[in-house]
Amino acid sequence: MSTAIPDRPRTLAEKVWDDHLVVKGEGGEPDLIYIDLHLVHEVTSPQAFDGLRAEGRPVRRLDLTIATEDHNTPTLDIDKPIADLTSRTQIETLRRNAAEFGVRLHSLGDKEQGIVHVVGPQLGLTMPGITVVCGDSHTSTHGAFGAMAFGIGTSEVEHVLATQTLPLKPFKTMAITVEGTVKPGVSAKDVILAVIAKIGTNGGQGYVLEFRGSAIRALSMEGRMTICNMSIEAGARAGMVAPDDTTFAYLKGRPHAPAGADWDDAVAYWRTLPSDEGAVYDAEVFLDADELEPFVTWGTNPGQGVSLSGVVPAPEDFADPNERVAAQRALEYMDLVAGTPLKEVPVDAVFMGSCTNSRIEDLRQFASIIRGRTKADGVRVMVVPGSARVRLEAEVEGLDKVFTDFGAEWRFAGCSMCLGMNPDQLAPGERCASTSNRNFEGRQGKGGRTHLVSPLVAAATAVLGRLASPSDLPVLTAAEA
Amino acid sequence: MEKFTTHTGVVLPLKRSAVDTDQIIPAVYLKRVTKTGFEDALFANWRQDPDFILNQPAYAGASVLVAGPDFGTGSSREHAVWALRDYGFRVVLSPKFADIFRGNAGKQGLVTGVIGDADLEAIWAAVDADPGARMTVDLQERTAVIGDLRVAFDIDDYTRWRLLEGLDDIGLTLRNEEKISQFEARREAWRPRTIPVP
Ligand code: SF4
């Protein structure tokens, strides 16, 4: 599908962009980019459908559009009407809009329902070399497949529904190279938290981040999704990983993955996507995987993170005056004292879920640490699968039993306490170790305090009742394990 | 979309950096299904503090927000822009904006001007000296004037043109209908489809 392809080495991001050019913008105008896959959920779509109705416009490509219910859905009693009236209205509005316009929708109770960024990949709709958008910033998740995937606002949702395109200025490219082998107990979440702490919550602004290097190649698709998911927390438009055999193996046989001759064509094309030798990035960052340790945030933005074996920093530690003020505010909000070892910070709750870490592999990791143990007294532990299918898979493997034996609550799929639009919220002042992606003030409930961690750290924390890594846990006897 | 040429209004100095969209509009307000009437949601948590600057009478009816760097980070919610717009803001000036927020703002006729750090401090100082002072923002000239202070701001040419002309994006894109159809005819069979097509 070549429009004038430049005769020079190109990055992965440039290749995908070039292959979606409908119109090349001239004189400062944006390019017009074709969108291969549009994911829709209940929060950012009602006003977009209203816009279509007002103008008498149809959805241009129903076959490139799919909707699911996730942000507002309850994770208990899903067979009963949704108690919260506004949540119910939002979901009913999506159902009405989907029916009226003919959009495929996976409603609560359906086995493909779940967090939009978990559903796309598990259906095999997310694949290399495509463009994916959704009215949700964590659309960057899908970049793990070598897709160009980014969040858009509601006006853009309407624009894509109506035209299947978006006017966009090309993004800049940043290579984030992570070489080496991570220590046991260190996972993809720690890699991305370390990246964000290094480049800052706005270090990626205007960029597509391409994660590369041996440590990234060694990751599973789930791990790559965790990393791309949180690219937005570094301010980036998107995150990407070049497709390889890991990607193809994950995709093959999924319900919407190409089959037969289409599969062969697709793979042949996908193999041309990795950045060319000598391709130039606008910026480059290097990280040594061997140095990484389990990471945790202490503040109220995802860049305010340190190694779990460290201490809560003091505002004076920051040279930048804005960061110093932000740190001061964050410490007050988080009710933390500078110098406190993070491993001495007790928690009230552990949330295992969200589009960052709620896939089957994440649940397996969590289960591997808690198996044979009991949760700390007084700590509320919630395990929320990313999709109804993940829930089913976990139950087939018996993970649900591991969770409930441990004392955790095993819930139905959705965004849940990642942002607390449903009843799953922290109470004011409660402190939570969370596998989600945002630790903003009040994100998990008004006055709630969030520490972002990996599933492994969340599990160890749930056992000890204070921030902990798996290596802090007593070894189980053969009988216990 | 209404055309934007110049605007004069009271300046609200928001002396914070990295104001994320969860602060601009907390998630509970995202449950609404309408596109207007979000004025009560703007900075809803912060507004519960009687000392919060938006609650101070001097800034009643403010329509130009001047905030610290990294304004609008976090979630993509366009509601953040609607809340600002519905409250009456027409312009936000900051040394740095989050990309998605900026894009959303441009689509709703909210001007986001990038100013220098020194100019930010100068505007804040001018407002401190005269709370409730009004600023005139000229999009054609890309300038903001408050008292004797005249500040230049940055906004990309294309967004500026669309705002000046009050042009709707979808209408603009549909002028390329033929090119879109041609592109669609070239798309490969392996690309994903959510529903079977005959
Ligand atoms: S899980 Fe959290 S971050 Fe992910 S889509 Fe849902 S609300 Fe957004």
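Numbering of residues begins from 1 in every chain and follows the order in which that chain's sequence is written. Chain labels run from A onward and ligand labels from 1 onward, assigned in the order the entries are written. Residue-level local features of this predicted model are given only where pLDDT is at least 70; pairs of side-chain atoms are given and counted only at 80 or more, and the full residue set underlies all totals for whole chains, interfaces and linings. As a convention, hydrogens and water are excluded, and side-chain values are obtained from all of the structure's heavy atoms.

Asks: How should I be thinking about the pairing of strand β11 (residues 238–241) of chain A in this particular structure?
Replies: The side chains of a regular strand alternate between the sheet's two faces. All names here are of chain A. Partly exposed describes any residue whose relative accessible area lies between the buried limit of under 20% and the exposed limit of over 50%, with all areas from a 1.4 Å probe on protein chains only and scaled to the type maximum. A run of H or I in DSSP counts as a helix once it spans at least four residues, and a run of E counts as a strand once it spans at least two, with each numbered from the N terminus. Neither face of β11 is exposed, since A238 and M240 on one face and G239 and V241 on the opposite face are all buried. Summarising the sheet, strand β10 (residues 207–212) and β11 pair through four bridges and their orientation is parallel. Across the sheet, residue V208 finds its bridge partner in β11, namely A238. Strand pairing requires that DSSP identify at least two bridges connecting the strands.

Asks: How do you make sense of the interface of chain A and chain B when you look at a structure like this?
Replies: Where the parts come together, the accessible area they lose is often given as the size of the interface. In what follows, a contact means two residues having at least one pair of non-hydrogen atoms within 4.5 Å. On the chain B side, the residues contacting the 79 residues of chain A number 60 residues. Summing both sides of the interface, chain A and chain B together bury roughly 5700 Å²; the carbon and sulfur share of this comes to 56%. The salt bridge definition used is simple: a Lys or Arg side-chain nitrogen within 4 Å of an Asp or Glu carboxyl oxygen. Connecting chain A to chain B are ten salt bridges. Where D22 of chain B meets R443 of chain A, a salt bridge forms, and the shortest distance between an N and an O atom there is 3.5 Å. Per-element accounting of the side of chain A that touches chain B gives the leading share, seven residues, to helix α5 (residues 154–163) of chain A. Reported buried area values correspond to the accessible surface (1.4 Å probe) lost by two parts on association, with both partners' losses combined.

Asks: Before we go on, may I ask you to explain the nonpolar core in this structure?
Replies: Side chains that are nonpolar tend, in soluble globular proteins, to be buried together. Here, nonpolar core refers to any group of buried Ala, Val, Leu, Ile, Met, Phe, Trp, Tyr and Cys residues whose side-chain atoms link them within 4.5 Å. Among the nonpolar cores identified, the biggest contains 110 residues, and F366 and F403 of chain A together with F43, F71, L84 and F101 of chain B are the most heavily contacted of them. Here this core gets seven residues from one element, more than from any other, and that element is helix α15 (residues 455–464) of chain A. Domain start and stop positions are those given by an automatic or database domain assignment. Both domain 1 (12–284) and domain 2 (339–472) of chain A contribute no fewer than three residues apiece to this core. With sequence-adjacent residues up to four places away left out, F366 of chain A is seen in contact with V350, M352, V381, V383, F403, P455, A458 and A459 of chain A. The next biggest cluster of nonpolar side chains, apart from the first, holds 93 residues, and it includes M127, L193, A238 and W270 of chain A.

Asks: What exactly am I supposed to notice about the pairing of strand β3 (residues 37–40) of chain A here?
Replies: Residue and element names in this part refer to chain A. Side-chain alternation along β3 places L37 and L39 on one buried face and H38 and V40 on a second face that is also buried. Strand direction decides the pairing type here: β3 and strand β6 (residues 131–134), joined by three bridges, are parallel. Counted as the bridge partner of H38 is V133 from β6. By convention, orient the strands away from the viewer: a clockwise path from the first strand over the helix to the second makes the crossover right-handed. Crossover handedness for the path β3 to helix α2 (residues 46–55) to strand β4 (residues 65–68): right-handed.

Asks: Looking at this structure, how should I read the pattern of salt bridges?
Replies: Pairing is possible between side chains that carry opposite charge, provided their charged atoms lie close to one another. Enumeration according to the criterion identifies 41 salt bridges over all chains in this entry. With a shortest N-O distance of 3.8 Å, E156 of chain A and K107 of chain B are connected by a salt bridge. Taken together, the residues span two chains, with E156 of chain A in helix α5 and K107 of chain B in helix α4 (residues 99–107). Note on E156 of chain A: relative accessible area 7%, which makes it buried. The partner of D86 of chain B in a salt bridge is R85 of chain B, and the shortest N-O contact between them spans 3.0 Å. The exposure class assigned to R85 of chain B is partly exposed, which follows from its relative accessible area of 23%. One salt-bridge network, held together by shared partners, links R60, R61 and D63 of chain A together with E177, E184 and R193 of chain B.

Asks: What am I meant to see in the sheet that holds strand β1 (residues 6–14) of chain B here?
Replies: Strand pairing in a sheet is mediated by backbone hydrogen bonds. Such pairs are either parallel or antiparallel. Residues and elements named next belong to chain B. Across the sheet, which stays open at both edges, the seven strands sit in the order β4-β3-β2-β1-β5-β6-β7 with mixed pairing between neighbours. If you trace the sheet from one side to the other, it starts and ends with β4 (111–114) and β7 (149–152), each paired once. Adjacent strand axes in the sheet meet at a mean angle of 30°, parallel and antiparallel pairs treated alike. Summarising the sheet, β1 and strand β2 (residues 64–67) pair through four bridges and their orientation is parallel. Bridging across to β2, V11 finds its partner in V64. Axis geometry follows a simple rule: fit a line to the C-alpha atoms, using only the stretch in contact for helices, then measure angles between N-to-C directions, giving values from 0 to 180 degrees.

Asks: What is the right way to read the site of the ligand from this model?
Replies: All names here are of chain A. When at least one non-hydrogen atom of a residue lies within 4 Å of a molecule or strand, that residue is treated as near it. The ligand sits among H71, I115, H117, D136, H138, S354, C355, C415, C418, L419, N437 and R443. Along the lines of polarity and charge, the residues of the shell around the ligand split into five nonpolar, five polar and two charged. Composition of the shell around the ligand by domain shows at least three residues from each of domain 1 (12–284) and domain 2 (339–472). Classification convention: Asp, Glu, Lys, Arg as charged; Ala, Val, Leu, Ile, Met, Phe, Trp, Tyr, Cys, Pro as nonpolar; all other residues, Gly among them, as polar.

Asks: Would you take a moment to explain the domain arrangement of chain A for this structure?
Replies: Residue and element names in this part refer to chain A. Looking at the assigned domains, one finds that chain A contains domain 1 (12–284) and domain 2 (339–472). Measuring from the centre of the C-alpha atoms in domain 1 to the corresponding centre in domain 2 gives 24 Å. Counting residues at the interface gives 38 residues for domain 1, matched by 36 residues for domain 2. A buried area of about 2900 Å², summed over both sides, lies between domain 1 and domain 2, and 58% of it is on carbon and sulfur atoms. The largest per-residue losses of area from domain 1 upon contact with domain 2 belong to T75, I115 and K189, which jointly make up 22% of the total buried on that side. Summed over the shared surface of domain 1 and domain 2, the result is two salt bridges. Two residues, R389 and E112, come together in a salt bridge whose shortest N-O distance is 2.4 Å.

Asks: Please clarify how the confidence of the model for chain B should be interpreted in this entry.
Replies: Do not read the fine detail of predicted coordinates wherever pLDDT is low. Per residue, pLDDT captures the predictor's confidence, and it can take any value from 0 to 100. Residues with a pLDDT of 70 or more make up 99% of chain B, whose mean pLDDT is 94. With a pTM of 0.88, the predicted complex shows an ipTM of 0.93.

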